[in-house]
Amino acid sequence: MTTLPPGFTHELRTHLRSHNPPVDETTGVPILDFNKFCCGAHGFAALIETQVDGDAPQVTLFDTGPDVTSLVRNIDSMHVPVEKIERVIISHWHSDHTGGLLSFLDLRDSEAHACVVDVHPSRPLLRGIAPGPQFNKIICALPRDPSFDDIVEHGGILEQHATGHTVADDTVWVSGEVPRVTEFETGILGGMRWTEDGTWKLEPHIMDERYAVIDVAGKGLVILSACSHSGIVNVVKDAVATFQRPIYMVRIVFPGR
Ligand SMILES: [Zn+2]
Ligand SMILES: [Zn+2]
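Residues numbered from 1 in each chain as written. Chains lettered and ligands numbered in written order. Predicted model: local features only at pLDDT ≥ 70, side-chain atom pairs only at ≥ 80, totals over all residues. Heavy atoms only, no water.

Structural notes on the overall build of the protein
Counting secondary structure elements, the protein contains 6 helices and 14 strands. Compactness check: the protein gives a C-alpha radius of gyration of 20 Å against a globular reference of 18 Å for 257 residues, within 12% of the reference. Projected onto its principal axes, the C-alpha positions of the protein cover 65 × 40 × 40 Å. For the protein, buried positions account for 41% of its 257 residues. Considering only contacts within the protein whose residues lie at least 6 apart along the sequence, 67% involve residues at least 24 apart. Surface accessibility of the protein: about 13900 Å² in total, with carbon and sulfur atoms responsible for 56%. (Helix = DSSP H or I, 4+ residues; strand = E, 2+ residues; numbered from the N terminus. Rg over C-alpha atoms; globule rule 2.2 N^0.38 Å. Buried < 20%, exposed > 50% of the residue type's maximum accessible area, 1.4 Å probe, protein only. Contact = heavy atoms within 4.5 Å. Areas by Shrake-Rupley, 256 points an atom, 1.4 Å probe, with all protein chains shown as cover.)

This is the structure in structure tokens:
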């Protein structure tokens, strides 16, 4: 309902113009179908569309939200052409980013249109939370992330990357592990990892977290960092060191303390 900056459109207007809402029989006016509106959820998912000159657009999904319904509902509400999404980048192994992955893959016809799932190889068995001030009592675990086998069984083509690489016809860069250079960004306090030897270990740094960068013509770098457990200053320093380009925009969900 607020005034939008240039280039943005209200969802209500898009819904009325493009989504064929039902029409009231008595008055003949369209009725808003709120079941077809987007929803928010704890976590992150972003659709990245990139294009170089006259080439075909590249559509990449960055994270998949926390659950089996939110991303599916939003893809439906936004009329996203799922078959055109050829790659999903998973920023890191926390289920508020991986929870919608399998239901997303299920939406697609994977035999006709393959989709790469781009992940960091260090998938934990389980991650938990031990809040302060003691950080010694696990109050909960996050839901288990999809396994590598799950991803393949649901039609995804698994790619594991621990280092930086370009994707989407070289229009999007996915980072490797982010060097921790600042003193004040100390990771997520109370982050815990269940290990092979059957114990919880403190794991504040979530080293599997990666960010994505697009160098937008005439603007500069657009950086997508999910929860940025590595610290957003570490992320920006790494991007500047890698590309020597000005930063145009930084998109962050919330700083992982
Ligand atoms: Zn996280
Ligand atoms: Zn998160």
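Alright, that's what it looks like, and here's the rest.
Focus on the side chain of His92
Mapped onto the elements of the fold, His92 is located in the loop between strand E3 (85-89) and helix H3 (95-98). For His92, a relative accessible area of 1% gives the class buried. Apart from residues no more than four positions distant in its own chain, His92 is found in contact with Asp63, His97, Thr98, Ile206, Asp208, Glu209, Ala226, Cys227 and His229.

Digging into the sheet that holds strand E6 (residues 140-141)
Taken in spatial order, the 4 strands make up an open sheet running E6-E5-E10-E11, and their pairing is antiparallel. A strand with exactly one partner marks an edge of an open sheet, and here the two such strands are E6 and strand E11 (200-202). Where strand E10 (residues 191-194) lies against E11, 3 bridges are found, and the strand directions are antiparallel. Each bridged residue has a counterpart across the sheet, and for Arg193 the counterpart in E11 is Lys201. (Pairing = 2+ DSSP bridges.)

Concerning the coordination of the zinc ion (ligand 2)
In this structure, Asp96 (OD), His97 (NE2) and Cys227 (SG) serve as the protein donors to the zinc ion (ligand 2), at separations of 2.1 to 2.2 Å. Site description for the zinc ion (ligand 2): donor spacing in sequence, D-H-x129-C. Separation of the zinc ion (ligand 2) from the zinc ion (ligand 1) amounts to 3.4 Å. Here Cys227 lies in the loop between strand E13 (220-225) and helix H6 (232-243) and His97 lies in helix H3, a separation of 130 residues in the sequence. (Donors = N, O, S within 2.8 Å, 3.2 Å for Na, K, Ca; no water.)

Some remarks on the coordination of the zinc ion (ligand 1)
Coordination of the zinc ion (ligand 1) by the protein is provided by His92 (NE2), His94 (ND1) and His229 (NE2), with metal-donor distances spanning 2.0 to 2.1 Å. All donors of the zinc ion (ligand 1) come from a single chain, and their spacing in sequence reads H-x1-H-x134-H.

Focus on the environment of Gly43
Note that Gly43 resides in the loop between helix H1 (11-18) and strand E1 (46-50). When the C-alpha atoms of Gly43 and His229 are compared, they prove to be 13 Å apart, with 186 residues separating the residues in sequence. Every residue in contact with Gly43, bar those within four places of it in the chain, is listed here: Asp96 and Val253.

Quick word on the nonpolar core
Counting 18 residues, the largest nonpolar core has Val88, Leu101, Phe104, Leu105 and Val117 as its most contacted members. Elements supplying a minimum of two residues to this core: strand E2 (58-62), helix H2 (70-77), E3, helix H4 (101-107) and strand E4 (115-119). Here the element with the most residues in this core is H4; it accounts for 4 residues. Ignoring sequence-local partners within four residues, the contact set of Phe104 consists of Leu61, Leu71, Ile75, Val82, Ile85, Val88 and Cys115. Ala46, Ala168, Ala212 and Leu224 belong to the second-largest nonpolar core, a separate cluster that totals 13 residues. (Core = buried A, V, L, I, M, F, W, Y, C linked by side-chain atoms within 4.5 Å.)

A closer look at the UniProt feature "domain: Metallo-beta-lactamase" (unreviewed entry) in the protein
Per the UniProt annotation, the sites labelled "domain: Metallo-beta-lactamase" (unreviewed entry) are residues 59-172. Split by type, residues 59-172 is 22% helix and 25% strand. Its first and last C-alpha atoms lie 10 Å apart. (UniProt positions renumbered as here; feature names shortened; annotations may be inferred.)

Describing unusual backbone geometry
With omega at 5 degrees, the peptide bond leading from Gly132 into Pro133 counts as cis. Mapped onto the secondary structure, Pro133 falls in the loop between strand E5 (126-129) and E6. Located in the positive-phi region is Asp53, a residue other than glycine, with phi close to 45 degrees. Mapping Asp53 onto the fold places it in the loop between E1 and E2. Under the relative-accessibility criterion, Asp53 is labelled exposed at 74%. Phi at Asp169 takes a positive value of approximately 55 degrees, unusual for a residue other than glycine.

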